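Examining the three-dimensional arrangement
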Amino acid sequence: AVVSTQSTGQDDYLDCYGDPSVIGKVGTDIQERKCSWLFLTALKLVTDEDKEILFQNYGKEDEDSVSTVKDLYSKYELRQKYLEYSATTYESICQDIENNKSGLPTQIFQDFLDKIHKRSK
């Protein structure tokens, strides 16, 4: 479940900050009002005034609204917060893999985690 959460957060991060030429698409989570890691984290951090601005602009198609949301993400340093979250989660999963007592080969899990961690698309 933690790997799935890590991967979902990474998809959300790449949707907002990924290079479209690398990820193969232009991110639209903001315009589609998706319940993304960035949006949920913003809701926990923003002031009431900024929450109102976020709700006024999230889910709108126009570039000004998208820029306003991304500006709020920048104001609350969500890029850095995601990178910290990702690193912490990765270490936690590695520890869980290392402590695995099920008898399953742990290298399979580590290889899978390494494949998805820090991917760019």
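Predicted, not measured: the structure shown is a model, and the values here were computed from it.

Across its full length, the protein chain carries 7 helices and 0 strands. Element order for the protein chain, N to C, with α for helix and β for strand: α-α-α-α-α-α-α. The principal-axis extent of the C-alpha atoms belonging to the protein chain is close to 50 × 35 × 20 Å. Relative to its 121 residues, the protein chain shows a buried fraction of 36%. A fraction of 64% describes how many contacts in the protein chain between residues 6 or more apart in sequence connect residues 24 or more apart. Just so you have it, the protein chain exposes about 7600 Å², and 52% of that area is on carbon and sulfur atoms. Taking the average location of the 15 positive side-chain charges in the protein chain and that of its 22 negative ones, the two points are 3 Å from each other.

The N-to-C vectors of helix H3 (residues 37-45) and helix H4 (residues 48-57) enclose an angle of 150 degrees; their axes lie 9 Å apart at closest approach. In terms of axis orientation, H3 runs roughly antiparallel to H4. Here H3 contributes Phe-39, Ala-42 and Leu-43 to the contact with H4, which in turn contributes Lys-51, Leu-54 and Phe-55.

By the definition in use, this model includes 7 aromatic pairs. Seen from their ring centres, Tyr-13 and Tyr-17 are 5.2 Å apart, and the 45 degrees between their planes marks the pair as tilted. Taken together, the positions of Tyr-13 and Tyr-17, both in helix H1 (residues 2-17) and 4 residues apart, correspond to about one turn of that helix. Both residues of the pair, Tyr-13 and Tyr-17, belong to the buried class. Seen from their ring centres, Phe-39 and Phe-55 are 6.2 Å apart, and the 70 degrees between their planes marks the pair as edge-to-face. A residue pair is termed long-range when its members are at least 10 positions apart, and Phe-39 in helix H3 and Phe-55 in helix H4 qualify at 16 residues. Judged by relative accessible area, Phe-55 falls into the partly exposed class, the value being 37%. An aromatic cluster is present here, built from Tyr-13, Tyr-17, Trp-37, Tyr-82 and Tyr-85 joined pairwise through their rings.

Here is what the cut-offs are and how they apply
- Just so you know, the residues in each chain are numbered from 1, in the order the chain's sequence is written.
- With pLDDT at 70 or above as the cut-off, local features in this predicted model cover only qualifying residues; side-chain atom pairs require 80 or more to be listed or tallied, and sums for whole chains, interfaces and linings still use all residues.
- To obtain the side-chain values, all non-hydrogen atoms of the structure were included, while hydrogens and water were left out.
- Each helix is a run of H or I in the DSSP string that is no shorter than four residues. Each strand is a run of E no shorter than two, and both are numbered from the N terminus.
- Three labels apply to residues, based on accessible area from a 1.4 Å probe with only protein chains included: buried if under 20% of the type maximum, exposed if over 50%, partly exposed otherwise in between.
- Only heavy atoms enter the contact rule, under which two residues are in contact if any of them lie within 4.5 Å.
- Working definition of accessibility: Shrake-Rupley area with a 1.4 Å probe, residue cover restricted to the visible protein chains.
- This count recognises Lys and Arg as positive and Asp and Glu as negative, with His and chain-terminal groups excluded.
- To locate a charge, take NZ of a lysine, CZ of an arginine, CG of an aspartate or CD of a glutamate.
- All axes here are fitted lines through C-alpha atoms, helices being fitted over the stretch that makes contact, and every angle between N-to-C directions spans 0 to 180 degrees.
- When describing relative orientation, an angle under 35 degrees is termed roughly parallel and one over 145 degrees roughly antiparallel, while 65 to 115 degrees is termed roughly perpendicular and anything else oblique.
- Pairing of aromatic rings covers Phe, Tyr and Trp, the last counted by its six-membered ring, and requires centre-to-centre distances within 6.5 Å; plane angles under 30 degrees mean stacked, over 60 mean edge-to-face, and any other angle means tilted.

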